[in-house]
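# Tertiary structure, described
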Number of protein chains: 2
Amino acid sequence: MKVLLPFTLLLALPLHADPLPSWNKTPTKQAIVEFVEKVTTPGSPDYVVPAERIATFDNDGCLWSEQPMYFQAIYIFDRIKALAPEHPEWKEEEPFASVLKGDLKSALAGGKAALIKMAMATHANLTSEEFEKVVADWLASTKHPKTGLHYNEMVYQPMLELLAYLRAEGFKTFIVSGGGIDFLRVFAEDTYGVPPEQVVGSSLKAQYEVRDGKPVIVKSPELDFIDDKAGKPVGIHQHIGRRPIFAAGNSDGDFQMLEWTTAGEGPRFGMLVHHTDAEREFAYDRDSHVGTLVRGLDEGPGRGWTIVDMKADWKLVYPEPAE
Amino acid sequence: MKVLLPFTLLLALPLHADPLPSWNKTPTKQAIVEFVEKVTTPGSPDYVVPAERIATFDNDGCLWSEQPMYFQAIYIFDRIKALAPEHPEWKEEEPFASVLKGDLKSALAGGKAALIKMAMATHANLTSEEFEKVVADWLASTKHPKTGLHYNEMVYQPMLELLAYLRAEGFKTFIVSGGGIDFLRVFAEDTYGVPPEQVVGSSLKAQYEVRDGKPVIVKSPELDFIDDKAGKPVGIHQHIGRRPIFAAGNSDGDFQMLEWTTAGEGPRFGMLVHHTDAEREFAYDRDSHVGTLVRGLDEGPGRGWTIVDMKADWKLVYPEPAE
């Protein structure tokens, strides 16, 4: 489908170059390439027209790391600390009080409800432009406690190659994440080549206002949508309006997205990234507090889904640092 | 920006052909072409990178006709009549009773609340696939009472050319309509060349279910979002995630979309289609029950918005029938 590539990109791509150089030559890589070739080869019984080549990717644990906790949770904790002087009441109010004492375990003991409460308190009542700037500044100035890398450097090189490969083959790539849609949009285009209009995520409601003659969008302290588990096919329906033919995730939060994707007629690809590499990244699955993967491991192979073994399938985890 | 065109389209476009042949040579056409040229010419002080070339279009009264009432309202009335045997209670219950008696004026007397009630009753509890089929069948089998055309033939040829022109110049074109997002998606790709993922509209909530082993998306009888007036910039924010540089509408329901678009920095284009052609289409504005246009006429020109005079600016309204 080379005719659909922008001219400039076409000239930049050497013919027959390996589109996935950071993937080892394992059956996983072979399955990906075979799928892409059969859906893009005109005349193939499995040929899919470009408009239907929709690929969706989870973000946390699928495109970037998610340990020791979701990076957006770290952002929320950092914001709570930064905003604490304006909120003296937080010293007495959970889960804020625990965050301010540095006791993140207690802060998270309230589960999803506690996390949503903290997300609202730190995300709402900002204009879209203010929020974008705060997140961009945080990303530029904060480093991961273990790797010392910026969070948006802890992306998986093999997945960056997969995104680019699919796009070069006429796919439209989307992020479909439980994370915040506006948070993701701050870095998705630069980091993944995924433009804001191709990001689906959890959201707060928003209001349009004209403030001193200047129109603004203000994030409201009211939950709009949780893009996780059974919410993912719904988010895909509402935002994209057609069923993907390729979906990649890494946790049981992605189960329904893969189920919905692979239940469609014709060729389909479901992928789960299994975190097996304690040395180069992290190793976790069934018992992890983030990225819990039980049902996907139990049922995925029987459903024809490809389980990526990070340790065996990936030559490289994070991109090589620029010289 | 010809290098960004798909190869095949590039070969099909004669150089220097008029991209807007159904527009008369008026200042309106000149303003459109000047805007597009200045934002797409590299080196121009007003140059805009392709990723930021977002153009949004209202649908009812902007891309297709909306008289004697919104076509989706006609769909709703037709569905109420078709579903009436399953709902004997509708004979006594407004606004359904009035619809069944053919008294649409009384049915609509309840305003937006009545319309939403009817939309829910006719749109909800269908799977996404069932809904799509019902709408497609209706579009294929129903004709407009005055023109005898199928509803999706009552689209404006000059606007189809404008959509294609913008896309050929590297714009991404979106529909941002008060109409139902799933309703629009049934015909937007074939009719306008706008894929489902570039349609923003009003929506019901939806649920993901596995029914007899088959995953489905079911439209819920609960309002999710009204994409009208101040809702339009919000819908744009949630779906697209960046501010358009071009917006076209025709009613005060589009005011905030144009306000938000044209308040951005750099070159911006706001367009209102003014229905001035009683002979070839319909003539209405301030006192119309659909497409009411008051504030746009009063304030638009002072805000630098272009008011399209259908009668003077358009050589043709609907596409010429195929021979």
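Let me sum up the structure you'll find in this document. Per chain, the residues get numbers from 1 upward, laid out in the order the sequence is written. Chain letters and ligand numbers both follow the written order, the letters beginning at A and the numbers at 1. A pLDDT threshold of at least 70 governs which residues receive local features in this predicted model, and a stricter bar of 80 or more applies before side-chain atom pairs are shown or counted, although totals over entire chains, interfaces and linings include all residues. To get the side-chain values, take all heavy atoms of the structure and skip hydrogens and water.

## Thoughts on the relation of the copies chain A and chain B
Short version of the rule: For the least-squares superposition of copies, only C-alpha atoms count, and only for residues with pLDDT at least 70 in both.
When chain A is fitted to chain B, the best match, at an RMSD of 0.0 Å, comes from turning it 180° and sliding it 0.0 Å along the axis. Look at the turn and shift together and you get a two-fold axis relating the two.

## Brief notes about the nonpolar core
One broad rule of soluble globular proteins: the nonpolar side chains tend to lie buried together. How we decide: Throughout, nonpolar core names a set of buried Ala, Val, Leu, Ile, Met, Phe, Trp, Tyr and Cys residues whose side chains join them through atoms within 4.5 Å. The classification of residues rests on relative accessible area computed with a 1.4 Å probe and restricted to protein chains. Under 20% of the type maximum is buried, over 50% is exposed, and intermediate values are partly exposed. Numbering of helices and strands runs from the N terminus, with a helix taken as a DSSP run of H or I at least four residues long and a strand as a DSSP run of E at least two residues long. For this analysis, residues touch if any pair of their heavy atoms sits within 4.5 Å.
Judged by nonpolar contacts, the single largest core of 66 residues is most densely connected at Phe57, Met159, Leu162, Tyr192, Phe246 and Met271 of chain A. If you tally residues by element for this core, the top one is helix α3 (residues 71–83) of chain A, at eight residues. Filtering out sequence-adjacent residues up to four positions away, Met159 of chain A remains in contact with Trp23, Phe57, Cys62, Leu63, Ala248, Met271, Val273 and Trp314 of chain A. By size, the runner-up hydrophobic cluster in this structure holds 63 residues, among which are Phe131, Phe187, Ile245 and Tyr284 of chain B.

## A short note on the pairing of strand β2 (residues 172–180) of chain A
All names here are of chain A. Condition: The pairing criterion for strands is at least two bridges between them, as found by DSSP.
Most of β2 is tucked away: eight of the nine residues are buried. Across four bridges, the pairing between strand β1 (residues 54–57) and β2 is parallel. When the sheet's bridge partners are listed, Phe57 is paired in β2 with Ile175. Bridge count for β2 against strand β3 (residues 199–211) is three bridges, and the pairing is parallel. Within β3, the position partnered with Val176 by the bridge is Val200.

## Describing helix α11 (residues 255–262) of chain B
Within α11 of chain B, seven of the eight residues are buried, which leaves it mostly tucked inside the rest of the structure. What α11 of chain B keeps buried is the set Phe255, Gln256, Met257, Leu258, Glu259, Trp260 and Thr261 of chain B.

## So, the interface of chain A and chain B
Under the convention used in this document: Accessible area that two parts lose when put together, evaluated with a 1.4 Å probe and summed over both, is termed the buried area. The working definition used for a salt bridge is a side-chain nitrogen of Lys or Arg within 4 Å of a carboxyl oxygen of Asp or Glu. Any N or O atom pair separated by 3.5 Å or less is treated as a polar contact, with the protein-specific requirement of one donor-capable and one acceptor-capable atom, and with residues adjacent in sequence counted only for side-chain atom pairs.
Residue-level contacts link 42 residues of chain A with 44 residues of chain B. Taking both sides of the interface into account, the surface hidden between chain A and chain B amounts to around 3600 Å²; carbon and sulfur atoms contribute 54%. Three residues stand out in chain A for area buried against chain B, namely Glu197, Tyr208 and Gln238 of chain A, and they jointly supply 19% of the buried area on that side. Between chain A and chain B we count eight salt bridges in total. Connecting chain A to chain B are 24 residue pairs in polar contact (both at pLDDT 80 or more). Of all the elements in the fold, those that place two or more residues in the side of chain A that touches chain B are α7 (128–141), β2, α9 (181–192), β3, β4 (214–225), α10 (231–239) and α11 (255–262) of chain A. Ranked by residues supplied to the side of chain A that touches chain B, first place goes to β3 of chain A with seven residues.

## Concerning the packing of α10 of chain A against α11 of chain A
When two helices pack together, their arrangement is given by the angle between the helix axes and by the axis-to-axis distance. Residue and element names in this part refer to chain A. To keep it simple, the criterion reads: All axes are obtained by fitting lines to C-alpha atoms, using only the stretch in contact for helices, and the reported angles, taken between N-to-C directions, cover 0 to 180 degrees. For this classification, under 35 degrees means roughly parallel, over 145 means roughly antiparallel, 65 to 115 means roughly perpendicular, and everything else is oblique. For this classification, Asp, Glu, Lys and Arg are treated as charged, while Ala, Val, Leu, Ile, Met, Phe, Trp, Tyr, Cys and Pro are nonpolar and the rest, including Gly, are polar.
Packing of α10 against α11 leaves a shortest axis separation of 7 Å and a crossing angle of 55°. Of the possible angle classes, the one that applies to α10 and α11 is oblique. When α10 is examined against α11, the residues Lys232, Pro233 and Ile236 are found in contact with a partner set consisting of Gln256, Met257 and Trp260. When its residues are assigned to classes, the contact of α10 with α11 shows four nonpolar, one polar and one charged.

## A look at the side chain of Thr191 of chain A
Residue and element names in this part refer to chain A. Checked against the element boundaries, Thr191 lands in helix α9. Exposure remark for Thr191: the relative accessible area of 16% places this residue in the buried category. For Thr191, the residues in contact, after removing those within four places along its chain, are Asn152, Val155 and Leu160.

## Brief notes about empty space enclosed by the protein
In this approach, a probe sized like a water molecule rolls over the atoms, and the result shows the empty space that is left. Condition: Lining residues are defined by having an atom within 4 Å of a point belonging to a cavity or pocket. Those points lie on a 1 Å grid over the protein atoms alone, cavities being sets where a 1.4 Å probe fits but cannot get out and pockets being open sets with protein on both sides within 12 Å along at least five of seven lines. Grid points are joined across faces, edges and corners, and a volume is the space filled by probe spheres set on the points.
Scanning the entire structure with this criterion turns up one cavity of 30 Å³ or more. Counted as a void, the largest cavity has a volume near 40 Å³. Every residue along the wall of the largest cavity is listed here: Lys172, Phe174, Glu197 and Gln198 of chain A together with Lys172, Phe174, Glu197 and Gln198 of chain B. Of the residues belonging to the lining of the largest cavity, the class tally is two nonpolar, two polar and four charged.

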